[in-house]
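Residue-level listing of the chains:
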Amino acid sequence: MGVSPVWADTIRIATYAAPLSRNGPGLLLADILNETPEIVQVSEQIEALAADILLLTDIDYDRDLRALRAFNDRLTAPYPHIFALRPNSGMQTGFDVDQNGRFGEARDAMGYGRFSGDGGMAILSNFPIGTVTDYSDALWADLPQTLMAKDDPLRGVQRLSSVGHWQVQILTPNRPLTLLAFSATPPVFDGPEDRNGRRNADEILFWRNVVDGDFGPPPDDFVILGIANLDPERGDGRREAIISLLNDPQIQDPLPNQPTAYWPDPIGALRVDYVLPSATLTIQNAGIEDTPIGPHRPVWVDVLSAP
């Protein structure tokens, strides 16, 4: 496949929390094969987005990537490279995490999930995928300055990532780009112990540790993208976590104070989806697309392809 002249100038990098999760395994694939109206709408939205590199969140995972391949194949111009790993969502811990006396439920998983693979992540790319580092098995308690409670009964078991934290190298024509992809737990649906709020903050702050070199050599020319599920100004959660990330001098924020998702009152409009290029990249343009499908909007950034 030849390189488009547009790619010689800019590369569009996007994230989209498309409604591609279902109530059980295999149901997403069935909807894709049946071309349900929602699948058609999501496909059209992705085609209009015209991203060169796209992170999909809230998409169900299966081991052979059958649903992802089927969805990609129905696009007018399928992406030549796709990637996904098994998410922590739905991966059972073997413990009664919510202490309700029942085991094996959605809240008893490493990340909330009704089945293994529920609401995972996937990358669609016009460029080859290089080296991948998967941090998804890192224990929450091992994070530097972790907010995990010292008396948390899952201290030696609970992973930090509710879905995943991936460092994925994309081999663009002029230089590699590194995606730092994630989907953090919402900082709600818990009690006064604020377990989800603590975990959400640490999932976000994890990327500061990575770019600071606490988990190996820091990446060059990176883009942090995905769902933080935290707004720096509105809504629930420990806002200082996302503020800290946005204010890091190694990171650029091309769309400050712009909501990316809309829920009915009392939640309203929140900024929860992010594409944050490193300071080493030159931003040409950025935007948030409108869509009638689900609460989340696609977020994109165009960066120069050459140093």
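The structure contained in this document is the topic of the report that follows.

Analysis parameters
- Residues numbered from 1 in each chain as written.
- Predicted model: local features only at pLDDT ≥ 70, side-chain atom pairs only at ≥ 80, totals over all residues.
- Heavy atoms only, no water.
- 1 Å grid on protein atoms, 1.4 Å probe; cavity = no way out; pocket = protein on both sides within 12 Å on 5 of 7 lines; lining within 4 Å.
- Points joined across faces, edges and corners; volume = space filled by probe spheres on them.
- Nonpolar A, V, L, I, M, F, W, Y, C, P; charged D, E, K, R; others polar.
- Helix = DSSP H or I, 4+ residues; strand = E, 2+ residues; numbered from the N terminus.
- Core = buried A, V, L, I, M, F, W, Y, C linked by side-chain atoms within 4.5 Å.
- Buried < 20%, exposed > 50% of the residue type's maximum accessible area, 1.4 Å probe, protein only.
- Contact = heavy atoms within 4.5 Å.
- Polar contact = N/O pair within 3.5 Å; in protein donor to acceptor, adjacent residues only side chain to side chain.

This model, assessed by the stated rule, comprises two cavities of 30 Å³ or more. In this structure, the largest cavity occupies an estimated 60 Å³ of space. The wall of the largest cavity is formed by Ile59, Asp60, Tyr61, Asp62, Leu65, Leu68, Ala84, Met121 and Ala122. For the lining of the largest cavity, a count of residues per class yields seven nonpolar, no polar and two charged. The volume enclosed by the second largest cavity comes to roughly 30 Å³. Sort the elements by how many residues they give to the lining of the second largest cavity and strand β11 (residues 273-277) lands first, with three residues.

What follows covers the nonpolar core. Among the nonpolar cores identified, the biggest contains 28 residues, and Tyr16, Leu20, Val42, Ile46, Leu54, Leu56 and Phe71 are the most heavily contacted of them. Sorting the residues of this core by element identifies β1 (10-16), α1 (27-34), α2 (37-49), β2 (53-59), α3 (66-73) and β4 (120-125) as the ones contributing at least two each. The contacts of Phe71, once residues within four sequence positions are left out, are Leu20, Ile32, Ile39, Val42, Ser43, Ile46 and Leu56.

What follows deals with the side chain of Arg297. Structurally, the position occupied by Arg297 is in the loop between β12 (283-288) and β13 (299-304). Among the polar contacts listed, one links the side chain of Arg297 to the backbone oxygen of Gly294, at a separation of 3.3 Å. A polar contact is formed between the side chain of Arg297 and the backbone oxygen of Pro295, at a distance of 3.2 Å.

Tracing the backbone shows Arg66 in helix α3. A relative accessible area of 53% places Arg66 in the exposed class. In this structure, the C-alpha to C-alpha distance between Arg66 and Ile227, residues 161 residues apart in sequence, is 24 Å.

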